[in-house]
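# Architecture and fold: a report
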Amino acid sequence: MADDLRDKLKRKQTRSYLNKDFDGFKSDLLLYARTFFGDQIQDFSEPSVGGMFLDMAAYVGDVMSYYLDHQLSELNVETAVETKNLEKIIRSAGVKITGASPAIVDLDFYITVPADPNDTTKPRASAIPVIQAGTVVSSNGGVLFELLEDVDFAEKDSEGVYLHLSKVASVSSSDSTVAASYILKNNRGSGQKQDGTAKSGRIIEEKFNIPNTFVAFRTVTLGSDNVSEILSVSDTEKNKYYEVESLSQNIVYSRVLNVQSDSFEVPENIELLPAPYRFIVNSSRQTGLSTIRFGSGQADSLDDDIVPDPSELSLPLYGKQTFSRFSIDPNNLLRTSTLGVSPQNTTITIRYRSGGGLSHNVASNTIRSITGLSVRFGSGAESTDIVSVRASLEVNNPQAARGGENPPTLNELRSQVLSSRFAQSRIVSKEDLIARIYTMPSNFGRVFRVGIRSSIQNPLATQLYIISRNKKGQLAVSPDSLKENLVTFINQHRLIADAVDILDVQVVNIGLDYNVSVGTTYNKRIVLQNINNKLKLYLDIKNFQVDQPVIVTDLMTIILNESGVTSLANFAMINISADTQGRNYSNIIYDASSSGPNYDRGILYGPPGSIFECRYPDDDIIGNAL
Amino acid sequence: MAVYDFKSVGDKVDSRKYTEVLDPSPIGIKTPLEFGTSRSGLLEMHFTNAGQIKDNFRNLVQTNFGERVGLYSFGANLIELVGELASKEDFDSEAMLRIKNAATRWMPFVELETFESTFVDPADTASGLAHIVMTITYSVVKLSIIKDQIQVTVIAMG
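Keep in mind that this is a model prediction, so the values were computed, not measured. (Residues numbered from 1 in each chain as written. Chains lettered and ligands numbered in written order. Predicted model: local features only at pLDDT ≥ 70, side-chain atom pairs only at ≥ 80, totals over all residues. Heavy atoms only, no water.)

### Overview of the confidence of the model for chain B
To keep things clear, this is the line we draw: You can read pLDDT as the predictor saying how much it trusts each residue, on a scale of 0 to 100.
Summarising the model, chain B shows a mean pLDDT of 87, and 91% of its residues fall at 70 or more. Interface confidence for the predicted complex, expressed as ipTM, amounts to 0.80; the pTM equals 0.61.

Right, dumping it as structure tokens:
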């Protein structure tokens, strides 16, 4: 114990950049004075005036040394202690300082809709509402949650089937054979993106009068603390201001509804919007308040050039052969729109979400009241239906709200700095490209697997293979809208000389055919069932990547390891490419036999940019017991 | 013819042997500070050990705790006595103790001899405040300073 303590004390070194303290300075000064001023003064003892002067000089040096150490320490995120400096370091490292985070919760909405008088097997279409985003619900403890996106009970899939109909419960009338009304619940079914997501916090709208004086990088500070999201910023002239990461970012992504045939798989498209009116948000950890900083350009001289024309800045030489040196005021160049526009002589309206914290993580089944309902019906809705449906609306949260967090501590922010330094917004490596694709919001389509290969034709090009999944979880060719969104999404991060060819992954559908000998004391059917279940797990598509080979010997081992199996009499991998018995397969024809060119020492390799899929494992894995 | 013994020759009093050589090197700064004259530089200096020690000792007795930069406990810290102690006897005993402690710590070569204090009535002072005048006798045997004296005045509070 004592040894440990001694070791600890030994290891703990005092940080000192000058390696000087009061005593060090004093002894050095004494040596200096005796060397160079020995003939003018000799007494430097403590009670003497000379000693006092030495002490004062040493004291000043000690204090300056302390502050020098302090200043150097304040440059390093690990050793800085002053909150203001830490905030600057953290912000410069790209970490966004936030206040308390709001909680997220999935809400279940229930409505009672009368049956269609013409077809009582369905609810009346005109009476099915859309609960609009912005609807506010409240927990028992008074925490408010706002619905983030519309909940459309009339939503249908690509085949025209009501998405929420699967959860419909019929309420019988006096005639028990006829349904009088239906209870609908928002639920798209498992495996699909659920709606009904709500976020905690209050929505606040503030107005700021901006005087008619130009101020570059004008800032306004919002009145409420813990601002988690700026919802909108607009001015009197209806200009919309967009939030950007830095003011040099002049383009933002915009969500646009996809109206093409693949809108079910890809509900929205990405569009790029030029954002001359833009702002950044900084939050102070000390005050908890958020400050919005606008650009430096003047709106009345706003040009559409994202990059100013350098020729406009050149000096004209009218009839001169010589010219003298000239001075430039850089502020004149600063007034361009390259860093966004600074508002002037207008009123800025800012809507934002405020509030959060651990207390917002409310327990399940506690959000039961609707405090602000925003609902929309179709044009043919009858007023009695509207009243009854509105009155029938109920809400619940089957699961607890999550994600609410108190403001991050300084140590938590410190720990984020290191990881943030390695983050970048450019696609340089293969991993960058894959990460960028997987992080594209799912509203723009979801890529299931990505494979990257170098292009043979163009050394600067990369071949990007992508594949999606259908409703049943099977591999499906990615829709065109998804590819277009992907192009828009990654183009902003692509290096100028790089090229990316987006290609579809070739799906190689495979099956298994095997014969095993089973011991006489075992039930053959159960042995086969166990083997098939294990093979299904192994061949699950979640375990496969693009260009990943199949280790055939692993499959054989699974079979042989099953208790009851005495020998593997026959084993063959088969390629299935023809649609049979209503089962649709990929049309890739491929030699999967062990004697073929794709098989090498127990490993089956696919063609370039391909993925193996056992599409219908119940049918494609065929086992026989001898 | 008389014969003289050289033992009776002796020396002349102005011979070099008896001439005191003054050390031209200044020892320390004289307080209160004043501009230097003749041999001193910018500030007036002490040229004898006795003068320097007397000056240092006086400064030590006059200094209170916390007044010296970098050395908090330097001084005899007498100022608080003038407001705390009611009787002169109490003041004398405590002041002597503090002076002894300070001298032992900061100027151990000084041997304290006697202490004497005089109370000056406020009516007799220009400031209208009572003064306590302390006279301390000391010796520094190694430097042949015998029974030198310093006089320190502290102004009584209230």
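On we go.
### A look at helix H11 (residues 552–561) of chain A
Residue and element names in this part refer to chain A. The criterion, for reference: Buried residues are those whose accessible area, probed at 1.4 Å on protein chains only, stays under 20% of the maximum for their type, while exposed residues exceed 50% and partly exposed ones sit between those limits. Helix numbering and strand numbering both begin at the N terminus, where a helix is a DSSP run of H or I of at least 4 residues and a strand a DSSP run of E of at least 2. It is the directions from the helix axis to the C-beta atoms whose arc is reported. Here, two residues are considered to be in contact whenever any of their heavy atoms come within 4.5 Å of each other.
Val552, Leu555, Ile558 and Ile559 are the residues of H11 that are buried. Viewed along the axis of H11, the buried residues span an arc of 120°, placing them on a single side of the element. The elements touched by buried residues of H11 are strand E28 (506–518), helix H10 (524–538), strand E29 (550–551), strand E30 (565–575), strand E31 (599–600) and strand E32 (603–604).

### Focus on the pairing of strand E5 (residues 145–155) of chain B
Residue and element names in this part refer to chain B. What counts is decided by this rule: Should DSSP find at least two bridges between two strands, the strands are taken to pair.
Here strand E4 (residues 131–140) runs beside E5; their pairing, made up of 9 bridges, is antiparallel. Its bridge partner lying in E5, threonine 135 is registered against glutamine 151. Connecting E4 to the next strand, E5, in antiparallel fashion are 4 residues, including serine 144 with a positive phi near 60°.

### Re the interface of chain B and chain A
So the rule is basically this: We define buried area as the total accessible area lost by two parts upon association, computed with a 1.4 Å probe and summed across both. The term salt bridge refers to a pairing of a side-chain nitrogen on Lys or Arg with a carboxyl oxygen on Asp or Glu at a separation within 4 Å. Two N or O atoms form a polar contact when they lie within 3.5 Å of each other; inside protein one atom must be a possible hydrogen donor and the other a possible acceptor, and for residues adjacent in sequence the pair counts only when both atoms belong to side chains.
Each partner contributes residues to the interface: chain B has 18 residues there, and chain A has 18 residues. Taken together, both faces of the contact between chain B and chain A bury some 1400 Å²; the carbon and sulfur share is 64%. The largest share of the area that chain B buries against chain A comes from Ile29(B), Arg68(B) and Val69(B), three residues that together contribute 35% of it. At the junction of chain B and chain A, the tally comes to 1 salt bridge. The residue Asp55(A) makes a salt bridge to Arg68(B) at a minimum N-O spacing of 2.8 Å. Inspection of the chain B/chain A interface yields 7 residue pairs in polar contact (both at pLDDT 80 or more). Every element with two or more residues in the side of chain B that touches chain A is listed here: strand E1 (28–29) and helix H1 (49–62) of chain B.

### Looking at the sheet that holds E31(A)
All names here are of chain A. Within the open sheet, the 3 strands sit side by side as E29-E32-E31. Their pairing is antiparallel. Looking at the sheet topology across the chains shown, the edges are occupied by E29 and E31. Bridge count between E29 and E32: 2 bridges; the pairing is antiparallel. Bridge assignment links isoleucine 551 to a residue of E32, and that residue is isoleucine 603.

### Describing a nonpolar patch on the surface
All names here are of chain A. Filter applied, for reference: A residue counts toward a patch only above 30% relative accessible area and without a salt bridge, and it is joined to like-charged neighbours within 9 Å or, for Val, Leu, Ile, Met, Phe, Trp and Tyr, to nonpolar neighbours within 5 Å. Per-residue and other accessible areas were derived by the Shrake-Rupley procedure at a 1.4 Å probe size, with only the shown protein chains allowed to occlude residues.
The grouping of Tyr32, Phe36 and Phe37 at the surface amounts to a nonpolar patch, some 330 Å² of accessible area in total. With respect to the element layout, tyrosine 32 can be found in helix H2 (residues 22–36). With a relative accessible area of 48%, tyrosine 32 lands in the partly exposed category.

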